[in-house]
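Below, each chain spelled out in residue letters.
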Amino acid sequence: MGAGAEVHEGENDGGVDVSGGVDVNRGLEVNRGVDREFLSLERELTLLLRRARASSGEMARQVHPDLEPAAYGLLVCLDDSGPQRATDLAAYIGVGKATMSRQLRALEELGLVAREPDPADGRAWLVHLTEVGGARFRTVRAGRRERYVRKLAGWDRAEVAELARLLRQLNESPES
């Protein structure tokens, strides 16, 4: 269907009957006051996130067989930003202090991170990647980046940069 084309209740661009205002081919609500663009965005993000979760689990196991998939994001943050306080990591990831403490304890037991006193505040601790943790993580991350390069080989670099910019804009948008 081209831009600006209309879909009326009971039909869609594929000529398939859409009972009750739902396009049975795509699950899109039709003429219900829901913007198609946002439904399309939801569908694509859902698929992307589902695939990302599966991929994160696979990558976490490559770093260490006992690494929880959710902890992979902590390794990303520590590799990108360097040593961090647990409270800052919790805020970045969007979890509570108890969850963060549990994840960091597990990462420490696996030898992937360590804690050291914060030189700016002797009462606080900074978490950092260990040498082994950093090496394992960077090897896995390089493999992931190579898969992105292969998958997007037909894209113009400007398109890749625009996708990254738009995703950053989405990630930096405050939750409502």
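The shown structure was predicted, so the numbers you read here are calculated from the model rather than taken from an experiment.

(A) Structural detail: the nonpolar core. One finds L67, Y72, L75, L89 and L107 to be the most contacted residues of the largest nonpolar core, which totals 22 residues. Elements represented by at least two residues in this core include exactly helix 1 (36–63), helix 2 (72–81), helix 3 (86–93), helix 4 (97–109), strand 4 (121–129) and helix 5 (131–151). L75 has contacts with V63, L67, L107, V113, L129 and F137, leaving out every residue within four places of it along the chain.

(B) Molecular detail of the side chain of Q103. Mapped onto the elements of the fold, Q103 is located in helix 4. For Q103, a relative accessible area of 5% corresponds to the buried category. Beyond its immediate sequence surroundings of up to four residues, Q103 is in contact with A70 and L74.

(C) Summary view of the pairing of strand 3 (residues 113–118). Pairing analysis gives 6 bridges linking strand 3 to strand 4, with the strands arranged antiparallel. Bridge pairing in strand 4 places V113 opposite L129.

(D) Quick peek at the side chain of T130. You can see T130 is positioned in the loop between strand 4 and helix 5. For T130, a relative accessible area of 18% gives the class buried. Other than its neighbours up to four places away in sequence, T130 contacts G111, L112, V113 and A114.

(E) Here's a closer look at the pattern of salt bridges. What the rule picks out here adds up to 10 salt bridges. Across the pair D80 and R141 runs a salt bridge whose closest N-O atoms are separated by 2.7 Å. With D80 in helix 2 and R141 in helix 5, this pair connects stretches of sequence that are 61 residues apart. Sharing partners across several salt bridges, the network here consists of D79, D80, R138 and R141.

Thresholds, definitions, all that
Residues numbered from 1 in each chain as written. Predicted model: local features only at pLDDT ≥ 70, side-chain atom pairs only at ≥ 80, totals over all residues. Heavy atoms only, no water. Core = buried A, V, L, I, M, F, W, Y, C linked by side-chain atoms within 4.5 Å. Buried < 20%, exposed > 50% of the residue type's maximum accessible area, 1.4 Å probe, protein only. Helix = DSSP H or I, 4+ residues; strand = E, 2+ residues; numbered from the N terminus. Contact = heavy atoms within 4.5 Å. Pairing = 2+ DSSP bridges. Salt bridge = Lys/Arg side-chain N within 4 Å of Asp/Glu carboxyl O.

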